[in-house]
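These are the residues of each chain, in order.
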Amino acid sequence: MLKDDYFVQGAGLAGRFKAGKVEFHWGPSNGSDGSEHSVNGRRFPVERKIVLNTMRLQNGGARLR
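As the structure is a prediction and not an experimental result, all values here were calculated from the model.

**Q** Would you explain the pattern of salt bridges in this entry?
**A** Side chains bearing opposite charge may pair, as long as their charged atoms lie close to each other. What the rule picks out here adds up to four salt bridges. The partner of K49 in a salt bridge is E23, with the nearest N and O atoms 3.2 Å apart. Pair noted here: K49 is in strand β3 (residues 46-58) and E23 is in strand β2 (residues 16-26), with a separation of 26 residues, a long-range link. Judged by its relative accessible area of 26%, K49 falls in the partly exposed class. Here K49 and E36 are joined by a salt bridge, their closest N and O atoms 3.3 Å apart. Here E36 lies in the loop between β2 and β3 and K49 lies in strand β3, a separation of 13 residues in the sequence. What emerges from the salt-bridge pattern is a single network uniting K21, E23, E36 and K49.

**Q** Please explain a nonpolar patch on the surface as it appears in this structure.
**A** A cluster of nonpolar side chains, L2, Y6, V8, L13, V22, F24, W26, V46, I50 and L52, forms an exposed patch at the surface whose accessible area comes to about 930 Å². Of all the secondary structure elements, the ones that give two or more residues to the nonpolar patch are β2 and β3. Along the chain, V8 falls in strand β1 (residues 7-9).

**Q** For this particular structure, what's the right way to read the pairing of β2?
**A** In regular strands, side chains alternate between the two faces of the sheet. Of the strand pairs in this sheet, β1 and β2 are connected by three bridges, and their pairing is antiparallel. Within β2, the position partnered with V8 by the bridge is F17. Hairpin connection between β1 and β2: a loop of six residues separates the two successive antiparallel strands, and G10 in this loop has a positive phi of roughly 85 degrees.

Conventions we followed
Residues numbered from 1 in each chain as written. Predicted model: local features only at pLDDT ≥ 70, side-chain atom pairs only at ≥ 80, totals over all residues. Heavy atoms only, no water. Salt bridge = Lys/Arg side-chain N within 4 Å of Asp/Glu carboxyl O. Helix = DSSP H or I, 4+ residues; strand = E, 2+ residues; numbered from the N terminus. Buried < 20%, exposed > 50% of the residue type's maximum accessible area, 1.4 Å probe, protein only. Patch = residues over 30% accessible without salt bridge, like charges linked within 9 Å, V, L, I, M, F, W, Y side chains within 5 Å. Areas by Shrake-Rupley, 256 points an atom, 1.4 Å probe, with all protein chains shown as cover. Pairing = 2+ DSSP bridges.

Take a look at the structure:
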């Protein structure tokens with residue numbers, strides 16, 4: 001969990017998103033494939049993932065979804 005509130009919006013995104021947590025994934029040694037995901041079939045030694053939650057308005061206030 002993050003200590004403070006961080007938001008992402010704009011750049012073609014449909015809405016406002018709150019960062020819920022940040023995760024890191026890495027391999028057992030330098031140069032190893034530690035990433036969970038790939039780009040054009042290529043994996044990387046480390047990956048950072050930011051989990052975002054959609055902000056929706058409900059009863060005049062924001063709520064996480």
